[in-house]
Amino acid sequence: MKTDWDRCLNSKDDFRKLMLCILEPLIDHFTDAKAGINLGVTATTYPQNVIRFEAFSRPLWALVPFWAGGGHHEIFEDYYRKGFIAGSDPENREYWGECHAFDQRFVEMAAMAYGLILTPEILWDPLSDKEKDDLAEWLYEINKYELPVCNWVMFAVLVNVALMKLGRKYDEDKMEKYLDGVDSFYLGDGWYQDGDSGQKDYYISFAIHFYSLFYSKVMEDKDPERCRIYKERAMLFAKEFIYWFDESGASLPYGRSLTYRFSQVSFFSACLMAGIEPFSVGVMKGLIVRHICDWFRRPIFDRDDILTIGYGYPNLVMGERYNGPGSPYWAMKTFAILALPDDHPFWNAEPEPLPELDEQKALVKADMLIHRYPGHVTAFVPGKYSPAGHGQTPAKYGKFAYDTYFAFSVTKSTCEIHEASPDSMLAFYINGYVYTRRICEEFSVSETEVDSTWVPFEGITVTSRIIPTDTGHIREHKIISDRDSIAYDCGFAVEIDVDGEKQITNPFGARVENSFAYCEVTSEDETGEGIVINADPNTNLLYPMTRIPAVCYHIKKGENVLRTIVTAECVS
């Protein structure tokens, strides 16, 4: 896969070439009747035929705006028409199948609706009457089941909008119910929570806002007030969400579905598609270009140029139970900009740097305190998250700090500290197992600190106070324990097996460094012992091999007070 896009990603043609560079390797993997794409053998909670359907649908997030913006690709147009016909025909051997409650097929219907709304001349008009009947009937399945109370409700909204615009049977009452449901998720300052999970992660940007902005583009004539509100909320959200990006274009690795990679910036593409500009076109172009180029410097494709499950490199350890071989192509949402007309200012704008941002800012509705350091951004969070487990949930939401440069690590097992890889956590070792922040009883986020009270193990209560500084942060822990134990206060994981690698320990602290970054952890009151944890390979999201500096404390029965200083720096 070409890796020098940072030197040639500017015009509409450049973005088209990049999009096709990503998608054309899929052509050889379509199934015989073209209703699926077969990319691998790894499993998910849904069966293989749905895995193939997912891989088929997700490229549409880029192909549809490509077609809508005047692009043409004979093979993809032919294959997707054939796929729509075969997949929705109950008599075809590649029929996508009958739906059921909580069906992954509902997720993938949204990309199909995207295409039927924006490009019916390619995906709908050429079909015969029977083929149209089959497709419309199959899509209507989404109205026969109640959807999870989360971003999923917008899938039904888009499907019903598509059916309505095609003059087919749709469920107006259910569409209105789900739109009202999205309103009930709204928190203020542009932030939603992802339904009853309460999470505020990338599903707010690349799902709820993305779909709302698309709705506002195609439904403004019929629902002007709701569309106005969606745009207004997106404008507010953009002013805070931009804090998740550093100057290089990298975004915070935080929360679930991180294998969707450069979809992290797709919110800004949706803003442009919907005709709103929370920042200048040049600023948004600069952010989109830098973000894409940051990803294309990483080994995220396999030898056949297929996107892999993982983050900075192929990595099944960090995946969720719903990550199949085609799941990463959710990233194609970022190519919504291809729907912009040829004369849109975006194509001729010079990429601009980020606007001037506060060094430290509390995103109150997101329960997050952001500090911008030279070359990287750190988010401090209280560790309050839904108990619903999709995979590695404590690692994705429960750490003290998340960083655009150092990323975070996931757990291979909780039997050994090196297998747990508990970077940016206070990890207790009890009876041969590692316990970290899981149950957050109460928390607060202010402009200066993040406080949380949490229970790692029955009989142990920890109150943690995290205070950002100019060079890192300070952690103050008050621990009430009914037993003696060991606890490791861990810094960021630092890449090793690179130039300049050093691992240094002293009686009260530890430091890991390489030629371009370091992290140091010190016990301020000199009560702990410095160690370096040899994290298991492939646990960090960005770097296959890391070490974690930490301070080991001996926790006594009763009250314990710890104060740990964490400093970190990188050369961008």
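Check the entry above for the structure.
Draft legend 1. Layout of the overall build of the protein. Per the secondary structure count, the protein includes 16 helices and 20 strands. Over its C-alpha trace the protein gives a radius of gyration of 24 Å, about what one expects of a compact globule, namely 25 Å for 572 residues. A principal-axis box enclosing the C-alpha atoms of the protein has dimensions of 75 × 45 × 45 Å. Each of the 572 residues in the protein was classed as buried or not, and the buried ones make up 65%. In the protein, of all internal contacts separated by at least 6 residues, the share reaching a separation of at least 24 is 67%. Accessible area of the protein: about 20,400 Å², with a carbon and sulfur share of 48%.

Draft legend 2. Broad picture of the packing of aromatic side chains. A complete count under the given rule lists 60 aromatic pairs for this structure. Ring centres of tyrosine 114 and phenylalanine 214 lie 4.9 Å apart, and the angle between their planes is 65 degrees; on these two criteria the pair is classed as edge-to-face. Placement of tyrosine 114 in helix α5 (residues 104-118) and of phenylalanine 214 in helix α10 (residues 202-218) is noted, with a sequence separation of 100 residues between them. In this structure, tyrosine 114 and phenylalanine 214 share a single accessibility class: buried.

Draft legend 3. Fine view of the side chain of glutamine 199. Mapped onto the elements of the fold, glutamine 199 is located in the loop between β2 (191-192) and α10. Among residues more than four places away in sequence, those in contact with glutamine 199 are Tyr192, Gln193, Asp194, Ile204, Lys384, Tyr385, Ser386 and Tyr397.

Draft legend 4. The arrangement of empty space enclosed by the protein in detail. Enumeration over the complete set of coordinates arrives at two cavities of 30 Å³ or more. Size it by volume and the largest cavity reaches roughly 60 Å³. Along the walls of the largest cavity sit Ala250, Ser251, Pro253, Gln264, His291, Asp294, Trp295, Arg298, Tyr311, Thr404 and Leu542, which together make up its complete lining. Here the residues of the lining of the largest cavity are counted per class, giving five nonpolar, four polar and two charged. One number sums up the size of the second largest cavity: a volume of about 40 Å³. Lining the second largest cavity, in full, are Tyr373, His376, Thr378, Phe380, Thr471, Gly472, His473, Phe492, Val566 and Ala568. Looking at the lining of the second largest cavity, the elements that each hand over two or more residues are β5 (376-380), β12 (472-481) and β20 (558-570). If one sorts the elements of the lining of the second largest cavity by residue count, β5 sits on top with three residues. Broken down by class, the residue content of the lining of the second largest cavity amounts to five nonpolar, five polar and no charged.

Procedures and definitions
- Residue numbers run consecutively from 1 along every chain, following the written order of its sequence.
- Per-residue local features are limited, in this predicted model, to residues with pLDDT of at least 70; the limit for side-chain atom pairs, both in listing and counting, is 80 or more; totals at the level of whole chains, interfaces and linings are taken over all residues.
- As a rule here, side-chain values come from all non-hydrogen atoms in the structure, and water together with hydrogens is ignored.
- Working definition: helices are DSSP H or I runs of at least four residues, strands are E runs of at least two. Numbering for both runs from the N terminus.
- Atoms considered for the radius of gyration are the C-alpha atoms alone. The globule rule reads 2.2 Å times the number of residues to the power 0.38.
- Using a 1.4 Å probe on the protein chains alone, a residue whose accessible area is under 20% of its type maximum counts as buried, one over 50% counts as exposed, and one in between counts as partly exposed.
- When checking whether two residues touch, look at their non-hydrogen atoms; a contact exists if any pair is within 4.5 Å.
- Surface exposure here means Shrake-Rupley accessible area, sampled with a 1.4 Å probe, where a residue is shielded only by the protein chains that are shown.
- The rule is short: rings of Phe, Tyr and Trp, with Trp giving its six-membered ring, pair when the centres are within 6.5 Å, and they are stacked under 30 degrees, edge-to-face over 60, tilted in between.
- Buriedness of a pocket was judged along seven lines, with at least five required to meet protein on both sides within 12 Å; pockets are open sets of points on a 1 Å grid over the protein atoms alone, cavities are sets where a 1.4 Å probe fits but cannot get out, and lining residues have an atom within 4 Å of a point.
- Grid points are joined across faces, edges and corners, and a volume is the space filled by probe spheres set on the points.
- Following the grouping adopted for this structure description, the nonpolar residues are Ala, Val, Leu, Ile, Met, Phe, Trp, Tyr, Cys and Pro, the charged ones are Asp, Glu, Lys and Arg, and the polar ones are all others, Gly among them.

Everything listed is a geometric property; what it means functionally is a separate question.
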